[in-house]
Each structure stands twice: as structure tokens, then as C-alpha cells.
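In case you want the letters, here they are:
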Amino acid sequence: MMRSFRTSIINLLGLYLIFSEVYSGFCSDTVAVGQPPKPSINLQAIRDKQLLLVSWLVNHSGLVGDIYEIQIGRTENRAIIYNRNISFIPVDSNVYTWTWTSDLPLECVDHSVRMRHFYNPSVPSPWSNWMTNNGTQANGRTEIFPKQRMMREGANAMFCCVPPKGVSITSVTLNNNEYPLISIGDRVKAIAVNNLTIPNDLIRRLTLICKDTTGKSSYVWNFISFPPQKPRNLSCVTSDMITVTCTWSAGRKRYPHDRNNQAYILHIQNSVQAPISCDQLLCTFPAVPQLEEYNISLVVKDQLGEETACYSFNISDRVFPVVELDRLSPGVTDVTVFWIIKGNLTQLNLLCQVATDPGSSAELSCNSVSGLCKTKLEHLLPNTYYSIRVRCSVNGKLWGEWTQPKSFATDVLVTLDIWRRINQLSDLNSRQVTLLWTPYAPGSATMVNIQGYIVQWWREDQNWTSKNVTRQTQANIFIGPGQYNVTVQAVLHTGLSIPAHITIPQRDDGENLPVEKRFSSNTTATGFSLSWDKQDTATCGYIVEWCVLGNVEPCTLRWIKVPEGNNTLFLHARDFKEGCRYTFNIYGCTENGYKLLETQTGYSQELKSVLSPSLVEPVQCTSSSVTLEWHYNEDDPSHPAFITGYLVIVQEEESDILPDHTTNLFNVLVEDPRSKSVTIEGLQPNQEYSFFVSALTKEGPGQTASITMRTRTNYSAHLAKILTPILLLCCSVPLWHQRKLLKSGLTGFFYYPTGMNIKTLELDDFLYETSVWLQSQEVKECSTCDIECLNTRPLNETTLTDPEPLDTLPGSQPSPLVLSLACVSFQEDYCVQSVEDKPAFQQIAYVTNKTYFEAMEDLCETQEVTLSEINEPSESLQESKF
């Protein structure tokens with residue numbers, strides 16, 4: 001509308017000028033005969049936009065199109081800076097308008113315009129008169145252009161300095177940057193700046209300074225900004241169907257001191273409502289009656305241009321309900337919420353959401369005529385702080401804003417976890433029941449003050465009730481052998497809590513207690529992993545009880561409920577003490593009370609530092625064995641581990657070793673923890689031994705009990721050792737004349753072949769058996785027995801020669817022992833080892849039985865046995881055991 005109005009004014013002005021020239025008879029130039037008339041133009045300058053607006057009258061008689069040549073001259077000399085042919089398409093109007101934008105501010109110098117019309121390429125009209133827009137003349141001080149103008153970011157611009165007459169410009173700087181000078185006419189100087197940028201100063205502006213030959217400096221400010229951005233995310237809503245609110249985002253953020261102020265205008269295109277002036281990011285206008293569909297346009301304009309955004313919507317789909325919370329009514333595990341929906345929205349299908357934090361949310365319809373809605377949120381935690389908020393929508397399409405959160409606290413809930421212990425009194429018709437309970441009040445919103453407890457119990461088949469009031473968390477009651485019901489309630493300042501109930505079963509004289517089970521070692525690594533057989537009679541779960549300090553008295557009872565259908569329970573080891581035995585009683589919950597199903601015992605971690613057994617004295621012993629006995633309570637619950645057996649360590653005390661050092665002979669393991677005696681055999685007579693007894697656990701042996709004692713002396717063996725040489729000496733006298741034969745026989749009897757190993761203990765046994773055998777023999781005459789007594793030299797200097805071969809008696813058979821000794825050659829350099837230390841020189845009696853040696857005649861040939869260097873036993877041989 002403004003553009004058409006401006007065009008009409010220009011056309012009227014042009015007609016006025018033309019007719020004024022015709023009627024006045026004024027003619028600037030003489031028109032040649034047959035030449036088209038010269039155009040008459042009008043010039044208008046729009047300086048803030050650096051525009052020249054040229055307009056003229058047009059005669060459309062018989063013309064298809066018009067071609068004009070336009071020239072623009074600058075400065076007083078009209079130096080041509082623009083020359084171009086322009087074609088115009090005929091329009092209904094008689095006035096043509098043409099605009100030109102100057103790169104130099106119009107105030108700097110004069111700008112003149114003229115044109116001519118071409119009827120055909122060879123017949124132009126005369127040039128029109130020059131129409132000039134005069135530049136500014138400086139008076140007394142230098143003028144700078146442009147000034148106080150809004151410049152566009154990123155544009156190319158020219159700045160000029162117009163000095164007074166007789167003064168010349170020496171330099172031009174823009175924001176402290178000096179630019180090359182461009183001469184415009186005689187006195188005007190200009191600079192060209194490409195890609196203008198916004199400085200980072202508090203006030204975004206460009207400072208232009210001109211210095212002249214007089215030494216004076218002149219400066220001006222020009223502001224700089226960016227053009228308007230097209231509004232984005234344009235949307236409109238209504239909260240009451242009466243007022244419509246539109247919002248949008250402006251795009252690029254503007255600086256705080258940006259002087260490029262913007263104006264927002266909203267137009268409802270499909271209504272006669274006048275344009276609406278809006279805020280920068282918000283526009284509110286009254287809804288048009290009976291109008292459902294809206295077509296709107298939002299125009300934003302400033303000094304650098306304008307942008308337009310369009311949007312269409314149905315007002316029924318853009319309802320944005322506003323909700324206000326009215327009141328809350330909390331309970332123990334729920335809360336009732338009341339809220340009000342503002343505006344006339346009762347005829348619409350409203351859907352609301354109610355949410356608690358922390359917790360849940362609910363979605364429901366609200367069709368109240370009064371606009372008051374309510375709902376109940378359940379499954380909340382008792383005695384807990386919550387915050388609640390509400391929002392609504394129409395048909396769930398566009399949700400309104402959440403209300404501000406409103407805080408509340410649920411009511412206190414006290415529950416009691418009850419258990420019992422039943423003790424049978426000496427009177428079979430009387431039982432003592434210890435009731436124990438633990439109060440639970442979840443949540444921390446308010447402090448729970450329990451004033452006391454009410455205990456009530458009654459027999460199943462009776463109507464009377466006993467009652468007790470206590471401030472403790474346990475109570476003792478006395479009941480008969482029948483079945484009883486017990487309830488316990490906490491007394492609060494708001495009333496009584498929910499009663500906790502337990503059934504005491506009737507006495508069962510025929511009930512067999514379950515056998516105690518022990519945990520396996522791999523189930524207590526990180527805690528107690530309990531499991532038991534499922535019972536069909538356990539219809540309401542199980543209870544597992546134990547003592548906090550294990551089996552140590554007094555017992556502080558703990559219990560835990562296991563839900564129905566679950567027959568396992570894990571208790572972490574951190575809640576139990578190492579080396580402490582715990583016994584777990586597992587009860588099944590039935591309709592007639594709890595029944596003991598299993599008893600399990602074990603340790604969270606077994607320790608090996610168990611006490612030592614107590615040895616029984618005196619100790620029974622013989623010359624070769626010792627019988628140890630001890631006392632020990634392997635079932636003592638105070639033990640830090642299960643007793644799995646006993647370990648007996650036997651050590652021989654030797655006289656030739658350092659004090660406090662022993663030689664470990666062997667260990668004896670007693671695997672039955674209930675066996676408390678052991679007989680250790682195979683010991684040497686008259687030898688001192690140390691015995692160490694300790695109890696064994698899974699972790700190893702515990703502390704030891706020790707005793708040191710000496711085995712008895714074997715007098716029979718000593719007697720045989722003494723009597724045997726005497727007997728041999730006595731028998732050797734009558735056998736002297738048979739000494740050679742006797743020497744040969746004894747050599748084969750006492751010396752044994754290579755590789756043969758005779759131990760000391762075996763030799764002692766042999767001597768003992770020989771003495772016993774000799775005592776049982778009768779004294780008989782010795783036929784053909786010669787005895788010779790010899791004084792012998794040391795063995796290392798003696799050479800023995802076998803006697804002549806003897807003939808075996810007719811019909812006799814040689815003994816196998818004799819064969820094995822007589823027919824095997826001796827090892828050369830073999831050194832005989834003595835059982836006991838002997839003196840270097842000794843008397844040896846040889847007894848020769850001719851009857852015996854004659855039996856060897858047919859078996860062995862004559863042979864000579866030489867014993868070279870039979871030395872005394874070395875230290876190593878003395879230390880070895882036969």
C-alpha cells in the first residue's frame with residue numbers, strides 16, 4: 001500500500017512538471033523536425049539508503065516497448081560513472097520509475113542524472129536536462145559520511161571525508177586501521193572497506209577518523225549489526241479458548257547494546273483484524289469468534305531489512321491447559337490429589353498426568369463440569385517425603401506445563417516382626433514362652449515415637465484373652481499344653497499399629513528332634529549358604545533362627561523369614577564372627593504354628609588354634625610300646641573349628657645331639673575324634689621318647705600336649721647276652737681237641753655273605769629267642785665232643801682256614817640254615833658290625849660238634865676262607881641301625 005501510494009505521488013509530480021513547462025512556453029532545447037521529444041525526468045534522493053529515484057512520464061501510443069539510455073555523473077564535472085541502456089515493459093501507469101544505489105554516500109559529492117529515449121536503435125531522442133542531487137559543502141570543519149548510520153555486517157562500504165575549502169585530507173582510519181585514500185573530485189577523499197565485521201567492543205560501532213592538513217581530526221560513529229533473522233519454530237497455543245499466544249525463536253542472538261532495534265508485526269491473513277504489534281519473542285491476541293483455522297504471518301523488520309514467517313493451525317488442536325494444585329490428602333502408602341483446570345475447557349476431552357518424585361505417575365481423564373479433578377496414587381512408601389505435580393492436555397495432543405512441585409509426607413507405618421522360644425517347665429501342663437519382636441518403621445520423614453506395646457494371647461478353644469503392657473521388645477508368658485494365638489501391637493501417639501500375630505503350637509510329646517547337620521567346608525567361604533528340603537506342610541514360609549554370639553550363652557536370638565516356595569538362604573560372612581560355631585534352627589510355618597524341620601551348624605571360617613588335649617598319667621608302657629590316653633571334649637561348642645581327629649608325634653631323644661633338638665621318628669593319626677587312646681609299638685627298650693598330642697581341624701593341628709618318658713629295659717635279652725658266652729665257654733673246654741672243626745663251623749655261622757643286612761633289633765630278638773629255646777632244652781651227653789680254648793689275636797691279624805671236609809653221617813640231611821651259611825662265600829674285606837662295643841682283645845670259646853660238621857662232608861668241598869683286614873666298626877657304622 002505504501003509503495004503504490006508513493007508511485008502515485010511521483011506520477012502526479014511528473015505530470016505537474018511537464019504541463020508547467022508546456023503552458024509556460026519554456027523549452028530548454030530546440031527540437032529538430034522529425035526527432036522524438038526529449039524526456040522530462042524527476043530526481044529524488046534517499047540518502048540513508050544511498051538511493052537515487054528517477055521518474056518520468058511515458059506516452060504509450062503505438063509503442064510495444066521503451067528503451068532508455070541513462071547516465072549518472074559524479075562531482076561538479078559530472079564525470080560519468082554509470083551508463084546503461086534499460087528496457088521497460090509498458091504498464092498501465094503513465095509514469096516510469098527507476099532506482100539506482102550508489103556505492104558512495106550521496107552526501108559526499110554531487111550526483112547528476114540524465115536520459116534519452118530510443119524509439120528504434122537509430123533514432124534516439126535528445127538528452128534530458130541534468131538533474132543533480134547536490135553533495136554536502138563543509139563549512140569550517142570536515143564532514144564525514146556516512147554517520148550515525150546502521151551498517152550491515154559483511155557488506156562492502158565506502159566512507160568519505162569532505163573538508164572545507166582550502167583544506168586537504170591527509171589520512172582516514174576506521175577502528176584504528178588506516179586505509180588507502182581515494183580521490184573523489186578536487187577535495188573529497190574516500191576509503192573502500194570490504195566485508196565489514198562487528199567489533200568486540202561493548203558498543204558495537206565503527207569509528208571513522210579523518211585528519212586534514214591543518215592537523216585537526218574529525219570523527220564519527222556508525223553502528224553495525226546483522227539483518228533480521230526469519231522467525232523459527234513459530235507456534236500458537238491457547239489455554240482457555242479466549243486468548244491465543246504465539247511464540248517463536250529469533251535465531252541468532254543479538255548483543256546487549258545492539259542499536260538495530262527490531263519490530264514484530266503479526267497479521268491474521270484470513271480475518272479483518274488489524275495487524276498486531278508483538279514483543280520480541282511473544283505475541284498475544286484475542287481469539288477471533290467462530291474462527292477455527294488460523295493463517296498468520298509474522299513480520300520482523302529493522303534498519304537493515306525485514307523477514308516474514310507464516311503458520312497455520314486449528315485452535316482446538318492447540319489447547320494448552322493451565323492447571324493449579326488445590327490440596328493433598330496423604331495416607332500411609334497413598335495420597336489423594338485435587339487440582340483445578342483453568343479456562344472454559346469442560347466441553348473438551350481432558351487427559352491429565354499426576355507424577356510423584358520419587359515414585360510413580362498416573363494418567364487419567366478429567367471431565368468434571370466444575371473443573372475440579374482428583375485421583376489417588378497408591379504404592380507409596382510410608383513415612384517418606386514426596387513431591388507431586390500435575391499437567392493436562394486435550395486428547396493427549398499438546399501437554400500443558402507441569403505445575404510447581406508440592407511436597408508432602410506419607411503417614412508413619414510401624415510393623416512388628418515377632419518370634420518366640422518355648423521352654424517346657426517341670427510341670428508338664430505349663431510352658432514358658434519368650435516372645436521377641438523387632439519394630440520396623442520405614443522412612444525418615446518424621447521421628448517415630450513408640451510409647452509401649454500391648455501383648456495379648458488366648459487359647460484356640462477359649463474366648464477369654466490375657467493382656468500385658470510393656471515397654472520392652474520382649475515378654476514372657478506362661479501357657480498350657482494347648483495351642484495359643486498371640487498378638488503384639490505398638491502404641492503410637494496416633495493410635496495402635498497393625499497387630500503382629502504368631503501361633504504357639506500345642507505340646508507334642510512324641511516329636512523327634514532332627515539330627516544336627518554340619519556344613520561342608522566349601523559352603524562357608526563367604527558366608528552361610530543354607531538349604532533344606534521343601535515341606536508341603538509349610539504353607540506360609542520358613543523361619544531360620546540363630547544366636548548372635550554363636551553357641552555361647554547367653555543367647556541373643558536373631559531370626560529371618562523366608563517366603564513360601566523358597567528353601568535356600570544366604571547369610572554373608574561379614575555378619576558373623578570367625579572361629580565361632582553357629583547353630584541354625586529351621587522352622588516350617590504351618591496352620592498350627594511353626595515346626596522345627598532341621599538344625600544345621602557350622603562356622604563362617606574355621607580356625608586351627610584349638611586347645612590341647614589333657615593327657616592321662618601314668619602312661620602305660622613296655623620295652624617296645626607306649627599306650628597314650630587323653631581327655632578331650634570334641635563336641636564343645638566353644639571350639640573355633642570342628643574336631644576331625646588327633647595327631648600324635650613321636651620323637652626320640654638322643655644324647656649326642658644338641659639340647660632342645662629331637663629326632664622325629666614318625667606320626668600317628670587318629671581319624672576318629674571320639675577315640676582318645678593310641679598304642680605306639682616298635683619302640684626300642686630303655687629309650688627316652690617325647691610324645692606330642694594335638695587335636696586336628698580342617699585347618700590343621702591345634703595346640704599340643706606333650707610328655708617325655710623312657711621305655712622299659714628288656715631284661716630277658718640282656719640275660720641271654722650274658723649266659724650265651726658263659727655257656728659257650730663251658731662247652732668249649734671238652735671240645736678243645738676239635739677246635740679246628742669248631743672254628744670252621746662258627747665262621748660259617750656268625751659271618752654272613754655280601755648284601756645281607758642284619759639289624760640290631762633282629763639280632764636282639766634272635767638272642768632272646770635263643771635263650772628261651774636253650775632254657776627249654778634238657779642237658780644231654782655230648783658224644784664225640786672236643787673242646788678247645790684259644791687265646792685269639794685281633795681280628796685284623798687273624799687268618800682263618802677251613803678244616804678238612806667232614807663226612808656227613810649216613811642217612812642224615814643237612815639243615816637249610818647250615819646250607820645257606822656254609823655254602824656261600826664271604827665278601828672280601830667285609831667288616832663285622834658288633835651289636836655293642838667290644839674291647840680290642842677278647843676271649844672266644846669255640847665248640848666243635850663233630851656230629852654236626854660230619855654231615856657237611858658231602859655238600860661242600862674243602863675251601864679256605866681268608867678274612868683280610870676285619871677292622872673295628874667305624875663311626876658311620878655305629879650310627880647305622882640294623
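Placed above this text is the structure.
The notes below deal with the structure included here.

Scoring rules and cut-offs
Residues numbered from 1 in each chain as written. Predicted model: local features only at pLDDT ≥ 70, side-chain atom pairs only at ≥ 80, totals over all residues. Heavy atoms only, no water. Helix = DSSP H or I, 4+ residues; strand = E, 2+ residues; numbered from the N terminus. Buried < 20%, exposed > 50% of the residue type's maximum accessible area, 1.4 Å probe, protein only. Contact = heavy atoms within 4.5 Å. Areas by Shrake-Rupley, 256 points an atom, 1.4 Å probe, with all protein chains shown as cover. Pairing = 2+ DSSP bridges. Axes fitted to C-alpha atoms, helices over the stretch in contact; angles between N-to-C directions. Phe/Tyr/Trp six-rings, centres within 6.5 Å; stacked < 30°, edge-to-face > 60°. Lys NZ or Arg CZ within 6 Å of the ring centre and 35° of its normal. Disulfide = S-S within 2.5 Å. Salt bridge = Lys/Arg side-chain N within 4 Å of Asp/Glu carboxyl O. Polar contact = N/O pair within 3.5 Å; in protein donor to acceptor, adjacent residues only side chain to side chain. Core = buried A, V, L, I, M, F, W, Y, C linked by side-chain atoms within 4.5 Å.

**Brief notes about the overall build of the chain**
For step 1, the next point in the chain: Scanning the chain from N- to C-terminus turns up 7 helices and 57 strands.
For step 2, the next point in the chain: The buried share of the chain, taken over its 882 residues, is 41%.
For step 3, the next point in the chain: For the chain, restricting intrachain contacts to residue pairs at least 6 apart in sequence, the fraction spanning at least 24 positions comes to 67%.
For step 4, the next point in the chain: Accessible surface, the chain as shown: approximately 50,400 Å² in total, 51% of it carbon and sulfur.

**Some remarks on the side chain of serine 387**
For step 1, the next point in the chain: For serine 387, the position within the fold is in strand 30 (residues 385-394).
For step 2, the next point in the chain: Every residue in contact with serine 387, bar those within four places of it in the chain, is listed here: Ala355, Thr356, Asp357, Pro405, Lys406 and Ser407.

**Digging into the sheet that holds strand 25 (residues 323-330)**
For step 1, the next point in the chain: Strands sit in the order 25-26-29 across an open sheet of 3 strands; the sheet is antiparallel. This sheet does not close on itself; its edge strands, each paired only once, are strand 25 and strand 29 (372-377). This sheet shows a mean twist of 20° between the axes of neighbouring strands, independent of strand direction.
For step 2, the next point in the chain: Across 6 bridges, the pairing between strand 26 (residues 335-341) and strand 29 is antiparallel. In the strand pairing of strand 29, phenylalanine 338 is matched with lysine 374.

**Quick notes on the packing of aromatic side chains**
For step 1, the next point in the chain: Following the criterion strictly, the structure yields 25 aromatic pairs and no others.
For step 2, the next point in the chain: Seen from their ring centres, phenylalanine 576 and phenylalanine 584 are 6.1 Å apart, and the 70° between their planes marks the pair as edge-to-face.
For step 3, the next point in the chain: Classification of phenylalanine 576 as buried rests on a relative accessible area of 11%.
For step 4, the next point in the chain: Three or more aromatic residues link up through ring pairs in this structure, and these residues are Phe528, Trp546, Phe576, Tyr582 and Phe584.
For step 5, the next point in the chain: It is arginine 327 that lies over the ring of phenylalanine 338; its NZ or CZ is 3.8 Å from the centre.

**A word on the state of the cysteines**
For step 1, the next point in the chain: Counting across every chain of the model gives 8 disulfides.
For step 2, the next point in the chain: The disulfide that involves cysteine 540 links it to cysteine 589, with 1.8 Å between the sulfurs. On the S-S bond that ties cysteine 540 to cysteine 589, the torsion sits near -90°, and the link is left-handed. With cysteine 540 in the loop between strand 41 (527-531) and strand 42 (542-547) and cysteine 589 in strand 45 (residues 581-590), this pair connects stretches of sequence that are 49 residues apart.
For step 3, the next point in the chain: On the basis of relative accessible area, cysteine 589 is assigned to the buried category, the value being 9%.

**Here we look at the sheet that holds strand 32 (residues 415-424)**
For step 1, the next point in the chain: Ordered by their spatial adjacency, 3 strands build an open sheet running 32-33-36, and the pairing between neighbours is antiparallel. Looking at strand neighbours, the two that pair on one side only are strand 32 and strand 36 (474-479), the edges of this open sheet. Shown here is a sheet whose adjacent strand axes are inclined to one another by a mean of 25°, direction ignored.
For step 2, the next point in the chain: As defined by bridge partners, strand 32 adjoins strand 33 (residues 431-440) across 10 bridges and the pair is classed as antiparallel.

**Description of the pairing of strand 12 (residues 169-174)**
For step 1, the next point in the chain: Counting buried residues along strand 12, 5 of its 6 residues qualify, which places the element largely inside the surrounding structure.
For step 2, the next point in the chain: Pairing analysis gives 5 bridges linking strand 12 to strand 16 (residues 205-212), with the strands arranged antiparallel. Along strand 16, the bridge assignment pairs isoleucine 169 with aspartate 212.
For step 3, the next point in the chain: The sheet contact formed by strand 12 and strand 13 (residues 177-178) spans 2 bridges and is antiparallel. Each residue of the ladder has a partner; that of threonine 173, found in strand 13, is glutamate 178.
For step 4, the next point in the chain: Between strand 12 and the antiparallel strand that follows it, strand 13, lie 2 residues; asparagine 175 among them carries a positive phi value of about 50°.

**Quick word on the pattern of salt bridges**
For step 1, the next point in the chain: Under the counting rule described, the total for this entry stands at 16 salt bridges.
For step 2, the next point in the chain: As a salt-bridge pair, glutamate 306 and lysine 301 come within 3.5 Å of each other at their nearest N and O atoms.
For step 3, the next point in the chain: When the shortest N-O distance is used, the salt bridge between arginine 674 and glutamate 634 registers 3.0 Å. Taken together, the positions of arginine 674 in the loop between strand 51 (663-670) and strand 52 (677-681) and glutamate 634 in the loop between strand 49 (625-631) and strand 50 (645-652) put the pair 40 residues apart, joining distant regions of the chain.
For step 4, the next point in the chain: Residue classification places glutamate 634 among the buried positions, given a relative accessible area of 7%.
For step 5, the next point in the chain: Each of Glu634, Asp635, Arg674 and Lys676 takes part in one network of salt bridges that share partners.

**Some details on the pairing of strand 30**
For step 1, the next point in the chain: Of all 10 residues that make up strand 30, 8 are buried, and the element is covered over most of its length.
For step 2, the next point in the chain: In terms of strand pairing, strand 30 meets strand 31 (residues 406-409) through 4 bridges, oriented antiparallel. Its bridge partner being in strand 31, serine 387 is matched across the sheet by serine 407.

**A few points about the environment of tyrosine 542**
For step 1, the next point in the chain: Within the element layout of this structure, tyrosine 542 appears in strand 42.
For step 2, the next point in the chain: Exposure remark for tyrosine 542: the relative accessible area of 4% places this residue in the buried category.
For step 3, the next point in the chain: With 53 residues separating them along the chain, tyrosine 542 and lysine 595 place their C-alpha atoms 9.3 Å apart.
For step 4, the next point in the chain: For tyrosine 542, the contacting residues outside a window of four places in its chain are Trp532, Asp533, Lys534, Gln535, Ile560, Lys561, Val562, Pro563, Asn566, Tyr587, Gly588 and Leu597.
For step 5, the next point in the chain: Engagement of the side chain of tyrosine 542 in a polar contact is seen with the backbone nitrogen of glutamine 535, the distance being 3.1 Å.

**Topic: the nonpolar core**
For step 1, the next point in the chain: Judged by nonpolar contacts, the single largest core of 29 residues is most densely connected at Trp419, Trp437, Val455 and Val486.
For step 2, the next point in the chain: No other element matches strand 37 (residues 484-492), which puts 5 residues into this core.
For step 3, the next point in the chain: Contact partners of tryptophan 437, with chain neighbours within four places excluded, come to Leu416, Asp417, Ile418, Tyr453, Val455, Thr470, Gln472, Thr473, Gln474, Ala475, Val488 and Trp559.

**Looking at unusual backbone geometry**
For step 1, the next point in the chain: Here phenylalanine 145 and proline 146 are connected by a cis peptide whose omega angle stands at -5°.
For step 2, the next point in the chain: Secondary-structure assignment places proline 146 in the loop between strand 9 (143-145) and strand 10 (150-152).
For step 3, the next point in the chain: Proline 358 follows aspartate 357 through a cis peptide bond whose omega is -5°.
For step 4, the next point in the chain: In this structure, proline 358 sits in the loop between strand 27 (350-357) and strand 28 (361-366).
For step 5, the next point in the chain: The backbone phi angle of asparagine 175 is positive, close to 50°, even though this residue is not glycine.
For step 6, the next point in the chain: Following the sequence through the fold, asparagine 175 ends up in the loop between strand 12 and strand 13.
For step 7, the next point in the chain: Located in the positive-phi region is methionine 241, a residue other than glycine, with phi close to 65°.
For step 8, the next point in the chain: The topology assignment puts methionine 241 in the loop between strand 18 (232-238) and strand 19 (243-249).
For step 9, the next point in the chain: Take methionine 241: its relative accessible area is 25%, and that puts it in the partly exposed class.

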